[in-house]
Amino acid sequence: KKGGAAAAKGGGAADPGQPDARALVLRYVALLRARTALQLDPDAAEARLEAVHQALLAGCPQYAEGCAMPLPPPPSDMTPEALAIDAGAVVAQWLPQSPANTHLVFLCLVRAGDARPVLRRRVLVRTAIADLGDRLAALRYAVAEKAPRTAGGGPSSALSPSLAGMALSEADAQAFSELVAEAEELLAPDAPRRPSDAARGGDAGADPAAPMPVPSAAGDSLVLLEAIFNADLGAMAVNADVAAWLAALFDAEADLQ
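Residues numbered from 1 in each chain as written. Predicted model: local features only at pLDDT ≥ 70, side-chain atom pairs only at ≥ 80, totals over all residues. Heavy atoms only, no water.

Draft legend 1. Quick look at the environment of P213. Within the fold, P213 resides in the loop between helix 7 (197-200) and helix 8 (219-228). Relative accessible area serves as the criterion here: at 26%, P213 is assigned to the partly exposed category. Sequence separation between P213 and V242 is 29 residues, and the spatial gap between their C-alpha atoms is 8.4 Å. (Helix = DSSP H or I, 4+ residues; strand = E, 2+ residues; numbered from the N terminus. Buried < 20%, exposed > 50% of the residue type's maximum accessible area, 1.4 Å probe, protein only.)

Now the structure itself:
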């Protein structure tokens, strides 16, 4: 008797392998909200939304009869092409993660020259990012110590104009080049060839007429690279050399969706 009442009330036991209507609705709402954010792959996002919409039509009579409406067109201003960023712009953001998470999600939007903007996503090891960021900060501090002093008498800030365009010494440039190579290994570990090898002379088979870009050994490039690998801040700046380097890295390896 008790079991019959339960069956009458609940309509029978749910299939554990199928999502219930509530879960589908929550997923649908989440996908609708995600439309207002920048999309790595808008077509795939729309396909997921349409799949949940069709599942609700088929499996939830209340939705099919009273709530279903044709999907509105997706926003046209949340694609890389639609964002009006300047030539040479670099926008880097680290998505918030639990401190217990061993990996971080990195989003980077770049526009190399007049090319279309490119948005890429990477999932990177937290400790590796922190280590690289710390060493970039240490090098930036060492360079700032050699820069002209501010009116207050202390070393120039990392954001001080005195570092913009400041050429690094030979030793600092070598240290910067090594950190750039480590950044490449993090951002494009499976690329068949480091995009900057030709510029460094490390690939004898590369076309010397078309060397791949590397960030210039200058104070502003160092400051931007440090900001990019600061998972607490991220970066937004215009730097043609860094933008061209990042675009080449991203072109060298398929994106991680």
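Draft legend 2. Geometry of the side chain of N239. Inspection of the secondary structure assignment puts N239 in the loop between strand 4 (235-238) and helix 9 (240-252). With relative accessibility at 9%, the residue N239 sits in the buried group. A distance of 3.0 Å separates the side chain of N239 from the backbone nitrogen of V242, its partner in a polar contact. When neighbours within four sequence positions are excluded, N239 is seen to be in contact with G88, V90, D220, S221 and L224. (Polar contact = N/O pair within 3.5 Å; in protein donor to acceptor, adjacent residues only side chain to side chain. Contact = heavy atoms within 4.5 Å.)

Draft legend 3. Expanded view of the packing of aromatic side chains. According to the stated counting rule, one finds 1 aromatic pair in the structure shown. Geometrically, the ring pair formed by W94 and F106 is tilted, given 4.6 Å between the ring centres and 40 degrees between the ring planes. Here W94, found in strand 1 (residues 89-95), pairs with F106, found in strand 2 (residues 103-110); they are 12 residues apart in sequence, far enough to count as distant. Across the pair, exposure class does not vary: W94 and F106 are buried alike. (Phe/Tyr/Trp six-rings, centres within 6.5 Å; stacked < 30°, edge-to-face > 60°.)

Draft legend 4. Broad picture of the pattern of salt bridges. Enumeration according to the criterion identifies 3 salt bridges in this entry. As a salt-bridge pair, R135 and D131 come within 2.7 Å of each other at their nearest N and O atoms. Of the two residues, R135 and D131 are both situated in helix 5 (residues 126-146); the distance of 4 residues between them amounts to about one turn of the helix. For R135, a relative accessible area of 30% gives the class partly exposed. Among the residues examined, D131 registers a relative accessible area of 39% and is labelled partly exposed. (Salt bridge = Lys/Arg side-chain N within 4 Å of Asp/Glu carboxyl O.)

Draft legend 5. Broad picture of the packing of helix 5 against helix 8. Look at helix 5 against helix 8: their axes get within 9 Å of each other, and the N-to-C directions meet at 150 degrees. Classified by the angle their axes make, helix 5 and helix 8 are roughly antiparallel. The handedness of the crossing between helix 5 and helix 8 is left-handed. Facing helix 5, whose interface residues are G133, L136, A137, L139, R140 and V143, helix 8 presents L222, V223, L225 and E226. Residue classes in the contact of helix 5 with helix 8 are distributed as 7 nonpolar, 1 polar and 2 charged. (Axes fitted to C-alpha atoms, helices over the stretch in contact; angles between N-to-C directions. Parallel < 35°, antiparallel > 145°, perpendicular 65-115°, else oblique. Left-handed = near helix turned anticlockwise from the far one by under 90°. Nonpolar A, V, L, I, M, F, W, Y, C, P; charged D, E, K, R; others polar.)

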